[in-house]
Amino acid sequence: MDRTQAVTLTNMCMVYNGRQVLVLEKADDDWRGITFPGGHVEKDESFADSVIREVLEETGLTIVSPQLCGIKDWIREDGSRYMVLLYRTNRFEGELRSSSEGRAFWAAPEDLPHENLSPDFMDVLKVLLDDTLSEFYYYLQDGQWHHTLQ
């Protein structure tokens, strides 16, 4: 039995400062809405280094000691797995700035439901905030996508 599988590795990080979280309003035509900063893990790059790099590129902040606190994943139509490593940290330095990825800003979590959120943002936030959750898994059943939080 073959236990290998093609995988796309990405990350996302919730940077928080007291009661506020750092979010990004994506400007990409293929992906719009409020989300957390993050992106792809490059070949031969550590997971922690990749999330530090992505947050810096998208927000101007250098994060310190990102804590892996969950994953979001699903199986794509071609049989490969897509994984998003979910991090959080409240340790950072630098000046907040927006980038070509979108507008970066601080927001209170309770205000976010009134924003133009990316799909499933609130469920990702649940995994990031709830220490009893560690996975957000999408699965296809009867031709429809469903998800579970575990």
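As the structure is a prediction and not an experimental result, all values here were calculated from the model.

Draft legend 1. Region of interest: unusual backbone geometry. We note that Asp44 has phi near 65 degrees; this positive angle belongs to a residue other than glycine. Relative to the helices and strands, Asp44 resides in the loop between strand 4 (38-40) and helix 1 (47-59). Residue Asp44 is classed as exposed on the basis of its relative accessible area of 76%. Of note in the backbone geometry, Ser65 takes a positive phi value of approximately 55 degrees without being a glycine. Relative to the helices and strands, Ser65 resides in the loop between strand 5 (61-63) and strand 6 (67-75). When its relative accessible area of 36% is taken as the criterion, Ser65 is described as partly exposed.

Draft legend 2. Inspection of the nonpolar core at higher detail. In this structure, Val23, Phe36, Leu86, Leu112, Val124 and Leu128 are the most contacted members of the largest nonpolar core, which totals 21 residues. At the level of secondary structure, the elements contributing two or more residues to this core comprise strand 1 (7-17), strand 2 (20-27), strand 7 (81-89), strand 9 (102-107), helix 2 (121-129) and strand 10 (135-141). Element by element, the count of residues in this core is highest for helix 2, at five residues. In this structure, Leu86 is in contact with Met12, Gln67, Leu68, Cys69, Gly70, Ile71, Lys72, Val124, Val127 and Leu128, ignoring residues within four places of it in sequence. Residues Leu22, Val55, Ile63 and Leu85 belong to the second largest nonpolar core, which totals eleven residues.

Calculation criteria
Residues numbered from 1 in each chain as written. Predicted model: local features only at pLDDT ≥ 70, side-chain atom pairs only at ≥ 80, totals over all residues. Heavy atoms only, no water. Helix = DSSP H or I, 4+ residues; strand = E, 2+ residues; numbered from the N terminus. Buried < 20%, exposed > 50% of the residue type's maximum accessible area, 1.4 Å probe, protein only. Core = buried A, V, L, I, M, F, W, Y, C linked by side-chain atoms within 4.5 Å. Contact = heavy atoms within 4.5 Å.

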